[in-house]
Amino acid sequence: MKQRHWISWFCVALVSSLALVASSIADDPPATDGERAYEIKATTLCPVCDGQNVLESNAPVAAAIRAQVDELVSEGRSDEEIRGWMARQYGKDVNANPPRTGIASLVWIAPVFVAVASAAFLVFAFRKWRVGRGAQLSDDDLKIVSSLREPT
Amino acid sequence: MLVRGTGSYIVIALLGTFGVAVGFVGAIGGVMTLVSALASKREEHHRRAITWVFIMASGCVLAVTAMEIGLLRDDFSMQYVAANSTRATPLLYKIATLWGALEGSLLLWAFVLSVYVTAVAISFRRRIEDRLVAWALLTMLLICVFFFGLLVGPADPFGTLSIAPIDGDGLNPLLRNHPLMAIHPVMLYLGYVGFTVPFGFAVAALVTGRLGEGWLVLTRIWTLIAWVSLTVGILLGAWWSYEVLGWGGYWAWDPVENASFLPWLTGTAFVHSVIVQERRGMLRVWNLSLLLVTFALTIFGTFLTRSGVIDSVHEFSASSLGPLLLAFFALILVVSVALVGWRGDQLRSPGSIDSPLSREGAFLANNLLFTLFAFIVLLGTVFPLIVEAINGDQLAVGRPYFDRMLLPIGVALLLVMGVAPTLTWRSTAGSVVGTRALVPAAVGAATMVLALLFGAEGLGPVLGIGLGGFVIGSSARHLVLAVVRNGWSGVTGRSGGGMVAHIGVSLLAFGFIASTSFSEEAEFQLRPGDRGSVAGHQIMFVDIVDEMDGPNRVVRARINVEGRGIYSPTITQYPTFGRPIATPSVATSFIDDVYLSLVAIPEEDSDMVVIRVLVEPLVAWIWVGGAVIAGGTLLAIVPGRRHARADLEEVGL
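In this text, all values refer to a predicted model and were calculated from it rather than measured experimentally. (Residues numbered from 1 in each chain as written. Chains lettered and ligands numbered in written order. Predicted model: local features only at pLDDT ≥ 70, side-chain atom pairs only at ≥ 80, totals over all residues.)

Chemist: I'd love a proper account of the overall build of chain B, names of residues and values included.
Modeler: Assigned secondary structure in chain B consists of 19 helices and 10 strands. Here the C-alpha radius of gyration of chain B, 27 Å, is about what a compact globule of 653 residues would show, namely 26 Å. Over its C-alpha atoms, taken along the principal directions, chain B stretches across nearly 80 × 70 × 55 Å. Long-range contacts, defined as pairs at least 24 residues apart, comprise 73% of the intrachain contacts of chain B with a sequence gap of at least 6. (Helix = DSSP H or I, 4+ residues; strand = E, 2+ residues; numbered from the N terminus. Rg over C-alpha atoms; globule rule 2.2 N^0.38 Å. Contact = placed C-beta atoms within 7 Å.)

What follows is the structure in structure tokens.
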């Protein structure tokens with residue numbers, strides 16, 4: 001690489017890092033009651049409306065839950081308390097966020113396991129490929145390919 | 001109103017039943033013809049199957065026509081019409097009612113399948129004596145037998161009622177208040193069903209042992225058509241849900257959405273990795289498996305959505321077909337695994353991957369990410385079922401899970417998408433990447449600075465936007481160089497069209513990131529003349545219009561969005577449907593959407609309304625991005641000469 005490339009890359013990297021730093025230092029004030037309530041509503045599913053959360057749904061029970069969340073938040077309850085209360089009241093499946101304990105934790109762990117395993121497999125395959133041996137193309141296949149490749 | 005002509009119209013239902021029966025017989029006739037010709041090795045008899053395909057297709061056309069006549073003429077002696085249509089339904093929705101409920105949507109499936117199989121039969125008529133083509137056609141016809149079988153028996157769309165009601169019940173109101181309802185399901189089915197064609201050829205390649213690249217070249221255009229239809233179908237569904245459901249979102253990780261997304265993910269992996277095979281003869285097992293899995297997932301998705309095993313907004317068409325669809329899915333899986341296992345030893349690739357830093361390496365990374373993505377979507381969708389089966393626990397897997405797991409993969413995909421065009425086949429020197437990626441990286445950095453100036457914040461969103469800029473820079477560089485070398489044909493072909501599609505993906509990513517990360521919301525209680533303000537937008541409540549539209553009570557709040565005009569979010573109370581349906585109204589622009597919805601029907605003797613206002617930046621870019629992706633894919637398909645120079649010469653760029 002020529003030297004001016006190094007200089008240009010340095011500038012690009014500098015600008016990018018500065019931009020990324022600037023994006024994340026915007027001081028995050030502690031969540032207001034409104035933001036907390038919003039987050040809880042967005043991750044609580046409406047018990048009667050098939051997969052919509054209570055923020056999105058206009059079913060009466062969703063409106064009731066929204067009001068309950070607002071009330072509990074203004075009483076100063078913690079997120080965990082409120083979620084626990086919702087789960088007791090409406091069932092565990094109103095929480096859109098699967099728990100990280102017990103058998104449910106598998107849903108979080110399995111993808112990580114699969115990612116690592118398949119990456120490891122690829123590394124292994126790379127090594128093996130270098131000594132690859134191959135199947136032969138049949139004449140028919142070659143004919144088809146060449147007939148299609150020829151500009152008509 | 002009197003019951004009009006029940007007796008004379010019963011004939012329409014009979015015609016429909018007859019059409020379905022003809023379709024079924026046609027499919028079986030085709031299968032038997034091909035089986036006997038293949039078994040006795042009489043290639044000259046293959047041609048007879050084409051006649052059966054035509055018979056099947058005509059039967060299906062007859063059935064669809066009968067159903068449409070029944071719908072358009074309000075023939076409520078037909079059970080399907082009585083259950084899903086009303087006299088008052090507008091014309092467009094009467095037509096669309098064909099795919100509004102279970103039996104009709106299966107009829108549409110059979111129809112689209114017949115169209116594809118007929119198209120295959122016609123375009124391969126000169127090569128029908130080839131055993132590969134015959135086996136492919138046989139596979140497709142077997143799938144036809146299954147779907148026509150459903151229509152003949154368990155999901156008969158042409159059942160009749162001995163006493164026709166005066167009026168029908170009508171569709172779920174959510175399905176009849178937006179014209180997209182007429183297009184979205186058709187596009188989706190064109191995509192879903194379209195994967196039957198490459199599936200058929202994949203099975204044929206495995207059965208005949210002709211595992212080279214020939215069958216791939218044959219099916220390339222079919223795969224791309226299916227893929228682009230599925231892409232557009234999914235995006236239209238997102239758009240429909242944005243315009244209709246009233247919460248301002250377009251994707252909810254609903255099981256039915258996931259069911260359509262899964263084959264898209266594996267199909268997308270396939271359209272990329274197949275390039276490696278066509279070019280280098282590698283990844284044969286992998287590509288075949290991806291195709292088989294993609295088709296199997298379309299059937300699995302149908303099972304999920306049609307069996308009622310999973311709660312979903314789309315559950316309007318749940319039924320008892322579950323076991324049949326599950327059995328068919330299992331059959332496809334078993335056959336696929338058995339075929340791949342049987343031919344496994346012949347599938348070894350002649351080529352090898354020399355370096356991870358190469359075009360092949362980038363395609364592999366793409367595939368790893370897409371299959372991981374698909375795995376997570378599948379796991380999240382079926383996990384509640386698994387847990388319930390194991391210990392009876394009810395739990396939900398929703399947006400927080402999918403966001404947490406999938407956003408990092410999305411970011412990684414953008415990175416690969418940006419780097420890949422700078423790589424050459426076989427291996428690439430680091431210095432080459434350094435030279436080629438410089439300008440794209442600078443574009444990415446500039447995009448981030450620009451985003452910050454417009455008020456973007458947060459590490460994830462800004463990084464995503466920067467990578468989007470990098471992808472645009474990298475794709476545009478590739479396109480410019482291709483055009484300089486080859487003239488305007490540089491934007492066509494796999495490589496040119498692909499780059500255009502990638503630019504579309506970046507636009508879509510910008511829209512997705514901005515609308516999810518930087519939206520602002522407020523709820524106002526307003527009296528006529530009151531004002532509110534969200535994210536710099538002034539709104540004023542003008543007045544309320546409460547009127548009857550036929551049997552339905554329609555309440556409109558007229559709201560002036562400053563600089564955009566008057567918009568009217570609506571709530572409709574349908575007499576045949578309990579809960580009132582709110583329809584939002586969206587003031588769209590390329591900068592942001594002002595999304596208005598009416599929260600509840602205003603109380604009697606009160607002029608106060610509750611309005612929810614959501615300001616979402618760049619939502620329109622999602623739809624524009626989708627159009628660009630579709631355009632790019634068409635550019636990749638269009639050139640009749642499949643290997644235009646641009647396609648073959650991409651190495652040197």
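Chemist: So what's going on with the environment of Gly 631 of chain B? Residues and values would help.
Modeler: Residue and element names in this part refer to chain B. Relative to the elements of secondary structure, Gly 631 occurs in helix 18 (residues 619-637). On the basis of neighbour counts, which here come to 17 C-beta atoms within 10 Å, the residue Gly 631 falls in the partly exposed class. In sequence terms Gly 631 and Ala 501 are 130 residues apart; their C-alpha atoms lie 7.1 Å from each other. (Buried ≥ 20, exposed ≤ 12 C-beta atoms within 10 Å, placed from the backbone.)

Chemist: Break down the interface of chain A and chain B for me, with residues and values.
Modeler: Tallying the contact residues gives 55 residues for chain A and 69 residues for chain B. Where the side of chain A that touches chain B is concerned, the elements lending two or more residues are helix 1 (3-25), helix 5 (106-129) and helix 6 (139-149) of chain A. Here the element with the most residues in the side of chain A that touches chain B is helix 1 of chain A; it accounts for 11 residues. Split into classes, the residues belonging to the side of chain A that touches chain B amount to 30 nonpolar, 16 polar and nine charged. (Nonpolar A, V, L, I, M, F, W, Y, C, P; charged D, E, K, R; others polar.)

Chemist: So, the domain arrangement of chain A: which residues are in play, and what are the values?
Modeler: When the parts of a complex come together, some accessible area is lost, and that lost area is often taken as the interface size. All names here are of chain A. Here the domain parsing of chain A yields domain 1 (33-102) and domain 2 (103-129). With five residues of domain 1 at the interface, the matching set in domain 2 holds five residues. Of the residues that constitute the side of domain 1 that touches domain 2, the class distribution is two nonpolar, two polar and one charged. (Domains from an automatic or database assignment.)

Chemist: Pulling in residues and values, what's your account of the nonpolar core?
Modeler: When a protein is soluble and globular, its nonpolar side chains tend to lie buried together. All names here are of chain B. Counting residues in hydrophobic clusters, the biggest one holds 210 residues, and the most contacted among them are Leu 107, Leu 137 and Cys 144. With 16 residues, helix 9 (residues 214-244) is the single largest residue contributor to this core. Residue contacts for Leu 107: discarding those within four places in its chain leaves Ala 63, Val 64, Met 67, Leu 98, Leu 151 and Pro 157. Grouped together as the second largest cluster of nonpolar side chains are 21 residues, Ile 559, Val 586, Tyr 595 and Ile 611 included. (Core = buried A, V, L, I, M, F, W, Y, C linked by C-beta atoms within 7 Å.)

Chemist: Tell me what's going on with helix 16 (residues 459-486) of chain B, and back it up with residues and numbers.
Modeler: For helix 16 of chain B, with 28 residues, the first-to-last C-alpha span of 40 Å sits near the 40 Å given by 1.5 Å per residue. One or two steps after helix 16 of chain B, the chain reaches Gly 487 of chain B, where phi turns positive at roughly 70°. (Expected span 1.5 Å × (residues − 1).)

Chemist: Report on the pairing of strand 10 (residues 609-617) of chain B, specifying residues and quantitative values.
Modeler: Residues and elements named next belong to chain B. Burial runs high along strand 10: eight of the nine residues are buried. Where strand 1 (residues 520-526) lies against strand 10, seven bridges are found, and the strand directions are antiparallel. For Ala 522, the partnering residue across the bridge sits in strand 10 and is Val 613. Inspection of the sheet shows strand 9 (residues 592-598) paired to strand 10 by seven bridges, in the antiparallel sense. The residue of strand 10 that forms the bridge with Tyr 595 is Leu 614. (Pairing = 2+ DSSP bridges.)

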